[in-house]
Amino acid sequence: MAEQSTLGGMLLSKDAVADVIESLRGADFYIPKHELIFDAILSLYSHGEPTDVIAVTDELIKTGNLSRAGGADYLHSLTSIVPTAANAGFYAGIVSERALLRKLVDAGTRIVQMGYDGQGDATDLVNSAQAEIYAVTGTEAAEDYVPLTVAVDAAVEEMEAASGRDGSMTGVPTGFRELDELTNGLHGGQMIVVAARPAMGKALALDTPLATPTGWTTMGEVQVGDYLYGADGHPTSVVAVTDVMLDRPCYEVEFSDGTTIVADAQHQWVTETRASRRGIGGTVTVTTEQILETLTVGVEGRANHSIPNAAPLRAADAELPIPPYVLGAWLGDGHGASARLTSETDEIPALIAATGVRTQARGGMLYSLQLAERQLLVKNCDVCGVEFVARHPNVNTCGRTCGPKNKGAHPERLSCPDCGHAYSGEALRCDACHRDHGSFAALLRKVGVLGDKHIPVRYLRASEAQRRELLAGLMDTDGTVVKGVGSCQFSVTSKRLADSVYELIVSLGYKCGRTTGRVRGRTEASSVAYILNFSTVDDVFHLERKRLAHAQERPSSTLRIGRRYVKAVRPIPSVPVRCVQVDNDDHLYLAGESMIPTHNSTLALDFARAASIGHNQPSIFFSLEMGKAEIAMRLLSAEGAVPLQNLRKGTLDQRDWTTVASTRGRINDAPLYIDDSPNMTLVEIRAKCRRLKQRVGLRMVVIDYLQLMTSGKKVESRQQEVSEFSRALKLLAKELQVPVIALSQLNRGSEQRQDKKPAISDLRESGSIEQDADMVILLHRDSVYDKDVRPGEADLIVAKHRNGPTATIQVAFQGHFSRFADMASDFQGGGDFH
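Quick caveat: nothing in here was measured; it's all calculated off a predicted structure. (Residues numbered from 1 in each chain as written. Predicted model: local features only at pLDDT ≥ 70, side-chain atom pairs only at ≥ 80, totals over all residues. Heavy atoms only, no water.)

### Describing the overall build of the protein chain
Here is step 1: A count of helices and strands for the protein chain gives 27 helices and 37 strands.
Here is step 2: Across the 834 residues of the protein chain, 49% fall into the buried class.
Here is step 3: Counting contacts in the protein chain only where the partners sit at least 6 residues apart, residues at least 24 apart contribute 64% of the total.
Here is step 4: Surface exposure of the protein chain reaches about 38800 Å², of which carbon and sulfur atoms provide 51%. (Helix = DSSP H or I, 4+ residues; strand = E, 2+ residues; numbered from the N terminus. Buried < 20%, exposed > 50% of the residue type's maximum accessible area, 1.4 Å probe, protein only. Contact = heavy atoms within 4.5 Å. Areas by Shrake-Rupley, 256 points an atom, 1.4 Å probe, with all protein chains shown as cover.)

Right under this line is the structure:
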């Protein structure tokens with residue numbers, strides 16, 4: 001009835017036609033003949049002809065569809081069922097709503113069928129299902145194919161619209177005048193790739209040790225998917241690694257505990273300055289070069305920068321063959337080739353016994369270590385019923401005369417409870433298992449320390465509680481408290497043991513110093529003592545006299561002992577360097593043997609600011625690298641022309657705070673959306689873009705950056721995965737009719753050329769990025785390689801432009817404001833690519 005009323009109103013009045021065509025299409029009609037009538041009315045209306053019954057009848061006769069449309073009598077009946085044409089728009093809304101519900105049912109049916117068929121990857125099926133739902137309500141929905149005449153009409157309309165603008169821009173503005181003139185803005189359906197060398201620096205030497213949950217790796221060996229430790233002590237996954245970078249200015253950074261780390265000039269560190277330690281501001285992110293420039297303060301030349309200690313490494317309780325305290329005590333005062341230790345007090349043997357390991361005094365301060373005694377197994381004899389002590393769970397008779405009597409019915413074959421093999425004798429296990437783990441000496445041999453004292457990796461990566469027990473055993477035996485200072489000292493003549501104890505100490509979040517001293521030893525090797533010093537407010541002793549001495553002498557707070565000070569920054573010859581990005585909020589990971597928190601690589605912000613803040617066009621910025629707070633800080637810096645370092649440090653004067661407040665008020669309501677979800681998958685990105693397109697009319701999508709995306713499924717190679725991303729992003733741009741900007745990394749090809757300028761062939765990991773992109777813009781700064789060449793300038797190299805010419809556009813790089821800008825104006829356009 002609603003369909004008939006809508007058509008009746010359209011046949012009565014051309015004004016009703018205008019109301020209806022805004023919300024209705026021919027495909028929305030359920031009855032086929034109504035669609036034919038609607039199309040005929042629409043054809044007449046578009047040519048300015050009358051749309052009454054006579055004209056529509058004539059139009060249907062010309063197209064040969066009059067009989068299929070119900071004939072002339074049916075057309076006259078349509079006008080008779082509506083009293084007035086004024087309500088045609090309302091009736092059209094009912095028709096549109098019913099059509100939408102039918103589409104929803106059809107989409108649901110197709111999704112159900114996809115689920116039952118199960119053809120293809122599950123992730124792809126989810127994406128297809130989301131596309132089906134979006135197609136139901138998507139405002140840009142269209143037929144799969146159109147005749148050439150329709151396409152030509154659309155092209156002519158676009159040309160006429162452009163000519164009416166007198167050459168003004170039709171696409172989404174980038175914020176750069178010359179780039180906008182070249183491209184006429186960024187257009188819907190385009191995929192634009194903006195590429196640069198990863199991080200343009202910010203790297204550590206390849207031999208830098210990196211702590212992992214299973215031991216150690218190096219900067220040269222670490223790969224995407226590996227796990228490192230964050231500054232909070234929790235494992236964090238590596239989501240990106242740079243290529244090896246050559247010819248970087250490099251420095252050796254020395255800390256107050258003697259640690260040295262080799263980093264390039266642009267590597268970032270999160271430090272506390274002397275001002276922040278006094279409560280003025282907080283931590284700051286500075287480069288190696290900036291630390292060198294502000295290394296000391298005051299006439300006395302006091303250390304300015306310090307790095308807080310990392311939190312203790314976090315791990316689950318490990319299954320350890322030997323209780324940690326017992327192993328620590330044996331490593332400290334045990335005999336290297338036997339299950340014995342020397343103790344001048346019976347308190348340590350008592351602490352060992354509390355863990356379940358037996359100690360037996362052998363005289364002369366010597367104790368042997370033995371496994372806990374097995375409990376007596378009391379049974380009743382199967383033959384005579386007498387109570388007896390069985391030597392093995394399989395023994396059921398008291399022996400002597402009862403044993404032989406029971407042999408036929410119940411053969412008493414002994415089987416090892418550990419391996420299941422048959423054996424004989426009084427032991428609880430077979431000989432092989434007894435040698436492997438049937439004695440304390442066997443357990444020492446099993447963990448690899450008998451004859452080679454050190455802390456095994458499984459103990460160094462055990463839980464914090466287990467590591468503290470291990471440290472207590474070491475300190476109770478070979479540790480002391482330095483009088484008048486309160487620090488804890490551990491001294492041993494085995495370098496391997498000293499190195500592993502050092503690792504244990506720093507894994508608990510302590511700063512540890514290392515020195516050596518001469519002692520009387522039988523050999524030259526045993527005449528060198530390796531001394532470890534650390535300070536803590538925690539209890540690290542179980543031995544009562546040492547615990548009390550430490551409690552009296554130790555510091556009252558961690559104000560000074562909870563950080564390492566940067567003692568020196570020395571230029572060194574350039575070495576190959578590399579950096580990683582980790583998946584955590586603060587972008588910190590632990591580097592060096594002393595596990596110093598250091599900042600990972602960061603890339604870019606982009607054109608979204610010009611579109612959303614400058615021109616109020618909705619855009620979304622997917623940051624797979626920076627957190628939302630860091631992005632917002634860069635936006636405030638770029639828009640308010642307040643130095644980014646001042647924002648990070650909190651060293652703002654009253655004028656700066658006024659600027660920040662006014663900038664915030666100006667940009668607060670800009671339609672720029674930020675999503676910093678880690679490990680973003682392509683399916684999630686597409687779903688979020690579709691929802692935002694429906695809600696706010698999305699005009700641009702930016703992804704930072706392409707190589708950090710994950711597909712959420714297994715693929716044959718990373719190159720194949722990136723190729724899938726590239727094609728899918730191009731399809732997303734066409735589906736939503738918005739420009740999609742994907743930031744990408746370049747490989748090292750440009751660094752091997754004389755002029756260092758990147759080329760389109762340098763796009764990293766996949767040639768399909770070049771093929772799918774409508775535009776490729778390469779970022780280049782000469783000053784990265786030679787600070788005296790074109791300082792403060794950058795090139796935007798438009799290396800591919802499918803709809804226009806290529807060019808190289810010079811822009812100003814204002815690093816202190818975290819932005820690029822036009823050379824000839826103060827317009828705050830572009831993005832932060834440094």
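### Considering the side chain of Lys730
Here is step 1: The topology assignment puts Lys730 in helix α26 (residues 718-736).
Here is step 2: A polar atom in the side chain of Lys730 sits 2.8 Å from the backbone oxygen of Gly189.
Here is step 3: Other than its neighbours up to four places away in sequence, Lys730 contacts Gly189, Gln190, Met191, Asp772 and Asp774. (Polar contact = N/O pair within 3.5 Å; in protein donor to acceptor, adjacent residues only side chain to side chain.)

### Concerning the sheet that holds strand β27 (residues 580-582)
Here is step 1: Within the open sheet, the 3 strands sit side by side as β5-β6-β27. Their pairing is antiparallel. Each edge of the sheet is formed by a strand with only one pairing partner; in this case those strands are β5 (227-229) and β27. Taking the axes of each pair of neighbouring strands and ignoring which way they run, one obtains an average angle of 50 degrees across the sheet.
Here is step 2: Examined bridge by bridge, strand β6 (residues 235-241) and β27 share 3 bridges and lie antiparallel to one another. Looking across to β27, one finds that Ala240 is bridged to Gln581. (Pairing = 2+ DSSP bridges. Axes fitted to C-alpha atoms, helices over the stretch in contact; angles between N-to-C directions.)

### Considering the sheet that holds strand β15 (residues 358-363)
Whenever strands of a sheet pair, they do so through backbone hydrogen bonds, lying parallel or antiparallel.
Here is step 1: If you walk across this open sheet you meet the 3 strands as β14-β16-β15, and the pairing is antiparallel. Two strands bound the open sheet, and with one partner strand each, they are β14 (340-342) and β15. Each strand of the sheet is rotated relative to its neighbour by a mean of 30 degrees, with strand direction disregarded.
Here is step 2: Sheet analysis places β14 next to strand β16 (residues 366-370), joined by 3 bridges and oriented antiparallel. Along β16, the bridge assignment pairs Thr342 with Leu366.

### Remarks on the pairing of strand β24 (residues 528-534)
Here is step 1: Burial analysis of β24 places 5 of its 7 residues in the buried class, the great majority of the element.
Here is step 2: Note that strand β22 (residues 488-492) and β24 share 5 bridges and pair antiparallel. Its bridge partner lying in β24, Val492 is registered against Tyr530.
Here is step 3: As judged from the 7 bridges shared by strand β23 (residues 512-518) and β24, these two strands associate in the antiparallel manner. In the sheet register, Gly513 faces β24, and the bridge partner there is Asn533.

### Section: the packing of helix α12 (residues 324-333) against helix α18 (residues 464-478)
Here is step 1: Contact pair α12 / α18: the axes reach a minimum separation of 7 Å and the direction vectors enclose 30 degrees. The orientation of α12 with respect to α18, classified from their angle, is roughly parallel. Both α12 and α18 take part in a crossing whose hand is right-handed. Together, Pro324, Tyr325, Leu327, Gly328, Ala329, Leu331, Gly332 and Asp333 of α12 and Gln466, Glu469, Leu470, Ala472, Gly473, Leu474, Asp476, Thr477 and Asp478 of α18 make up the contact between the two elements.
Here is step 2: Class assignment of the residues belonging to the contact of α12 with α18 gives a composition of 8 nonpolar, 5 polar and 4 charged. (Parallel < 35°, antiparallel > 145°, perpendicular 65-115°, else oblique. Left-handed = near helix turned anticlockwise from the far one by under 90°. Nonpolar A, V, L, I, M, F, W, Y, C, P; charged D, E, K, R; others polar.)

### As for helix α19 (residues 495-507)
Here is step 1: Counted at 1.5 Å a residue, the expected span for α19 with its 13 residues is 18 Å, and the 18 Å between its end C-alpha atoms agrees.
Here is step 2: Burial analysis of α19 places 10 of its 13 residues in the buried class, which makes it a mostly covered element.
Here is step 3: Listing the buried residues of α19 in full gives Leu497, Ala498, Ser500, Val501, Tyr502, Glu503, Leu504, Ile505, Val506 and Ser507. (Expected span 1.5 Å × (residues − 1).)

### Some words on the packing of aromatic side chains
Here is step 1: For the structure shown, the criterion picks out 4 aromatic pairs.
Here is step 2: Between Phe90 and Tyr91 the ring centres are 6.3 Å apart and the planes differ by 65 degrees, which places this aromatic pair in the edge-to-face class.
Here is step 3: Phe90 sits in the exposed class, given a relative accessible area of 59%.
Here is step 4: Exposure remark for Tyr91: the relative accessible area of 18% places this residue in the buried category.
Here is step 5: Directly above the ring of Trp330 sits Lys453, whose terminal nitrogen or CZ lies 5.2 Å from the centroid.
Here is step 6: Stacked on the ring of Tyr502, the Lys or Arg Arg514 has its end atom at 3.7 Å from the ring centre. (Phe/Tyr/Trp six-rings, centres within 6.5 Å; stacked < 30°, edge-to-face > 60°. Lys NZ or Arg CZ within 6 Å of the ring centre and 35° of its normal.)

### Side note on the environment of Thr212
Here is step 1: Of note, Thr212 is situated in strand β3 (residues 209-212).
Here is step 2: With a relative accessible area of 8%, Thr212 lands in the buried category.
Here is step 3: C-alpha of Thr212 to C-alpha of Tyr229: the two residues are 17 residues apart in sequence and 6.2 Å apart in space.
Here is step 4: Non-local contacts of Thr212, meaning those with residues more than four positions away in its chain, are made with Thr217, Tyr227, Leu228, Tyr229 and Arg461.

### Brief notes about the pattern of salt bridges
Here is step 1: Here the structure, examined in full by the defined rule, presents 22 salt bridges.
Here is step 2: Close ionic contact of Lys62 with Asp58 constitutes a salt bridge, the shortest N to O distance being 3.3 Å. Residue Lys62 and its partner Asp58 are both found in helix α4 (residues 53-63); the two are separated by 4 residues, about one turn of the helix.
Here is step 3: We classify Lys62 as exposed; its relative accessible area is 63%.
Here is step 4: Between Asp499 and Arg514 there is a salt bridge, and its shortest N-O distance comes to 3.6 Å. Of this pair, Asp499 sits in helix α19 while Arg514 is found in strand β23, placing the two residues 15 residues apart along the sequence.
Here is step 5: Given a relative accessible area of 38%, Arg514 falls into the partly exposed group.
Here is step 6: Counted as one network, the salt bridges with shared partners bring together Glu252, Glu254, Lys567 and Arg570. (Salt bridge = Lys/Arg side-chain N within 4 Å of Asp/Glu carboxyl O.)

### Some words on the nonpolar core
Nonpolar side chains tend toward joint burial in soluble globular proteins.
Here is step 1: Formed by 53 residues in total, the largest nonpolar core has its most connected members in Ile322, Leu327, Ile352, Ile455, Leu471 and Phe534.
Here is step 2: Where this core is concerned, the elements lending two or more residues are α12, α13 (347-353), α16 (440-446), α17 (457-460), α18, β22, α19 and β24.
Here is step 3: Ranked by residues supplied to this core, first place goes to α19 with 7 residues.
Here is step 4: Those residues in contact with Phe534 that lie beyond four places of it in its chain are Leu471, Met475, Ser487, Cys488, Ile505, Tyr510, Lys511, Cys512 and Val540.
Here is step 5: Of all hydrophobic cores here, the second largest spans 31 residues; its members include Cys250, Ala265, Leu295 and Val582. (Core = buried A, V, L, I, M, F, W, Y, C linked by side-chain atoms within 4.5 Å.)

### A closer look at the state of the cysteines
Here is step 1: Evaluation of the coordinates by the stated rule reveals 0 disulfides.
Here is step 2: Not part of a disulfide, Cys398 finds its nearest cysteine sulfur in Cys402, a span of 3.6 Å. (Disulfide = S-S within 2.5 Å.)

### Brief notes about the pairing of strand β32 (residues 700-704)
Consecutive side chains of a regular strand alternate in pointing toward one face of the sheet and then the other.
Here is step 1: By the criterion of burial, β32 is predominantly enclosed, with 5 of the 5 residues buried.
Here is step 2: The alternating pattern of β32 places Met700, Val702 and Asp704 and Val701 and Ile703 on opposite faces, both of which are buried.
Here is step 3: Both strand β30 (residues 619-623) and β32 contribute to a ladder of 5 bridges, which runs parallel. Along β32, the bridge assignment pairs Phe621 with Val702.

### Observations concerning unusual backbone geometry
Trans peptide bonds make up most of the peptide bonds, and negative phi angles are found at most residues other than glycine.
Here is step 1: The phi dihedral of Met365 is positive, around 65 degrees, even though this residue is not glycine.
Here is step 2: Within the secondary structure, Met365 sits in the loop between β15 and β16.
Here is step 3: You can call Met365 partly exposed: its relative accessible area is 46%.
Here is step 4: A positive phi angle, near 55 degrees, is found at Gln737, a position not held by glycine.
Here is step 5: Along the chain, Gln737 falls in the loop between α26 and β33 (740-745).
Here is step 6: The partly exposed category is assigned to Gln737, whose relative accessible area is 41%.

### Thoughts on the confidence of the model for the protein chain
Detailed reading of the predicted model is not advised wherever pLDDT is low.
Here is step 1: For the protein chain, mean pLDDT is 78; residues scoring 70 or higher make up 76% of the total.
Here is step 2: Across the protein chain, the secondary-structure element scoring lowest on mean pLDDT is helix α8 (residues 148-163), at 55, and the one scoring highest is α18, at 96.
Here is step 3: Per-residue pLDDT stays below 50 along residues 139-146; that stretch engages in 6 contacts with residues further than four places along the chain or on separate chains.
Here is step 4: Scored below 50 in pLDDT, residues 601-606 makes 46 contacts in the model with residues more than four places away or belonging to other chains. (pLDDT = per-residue confidence, 0-100.)

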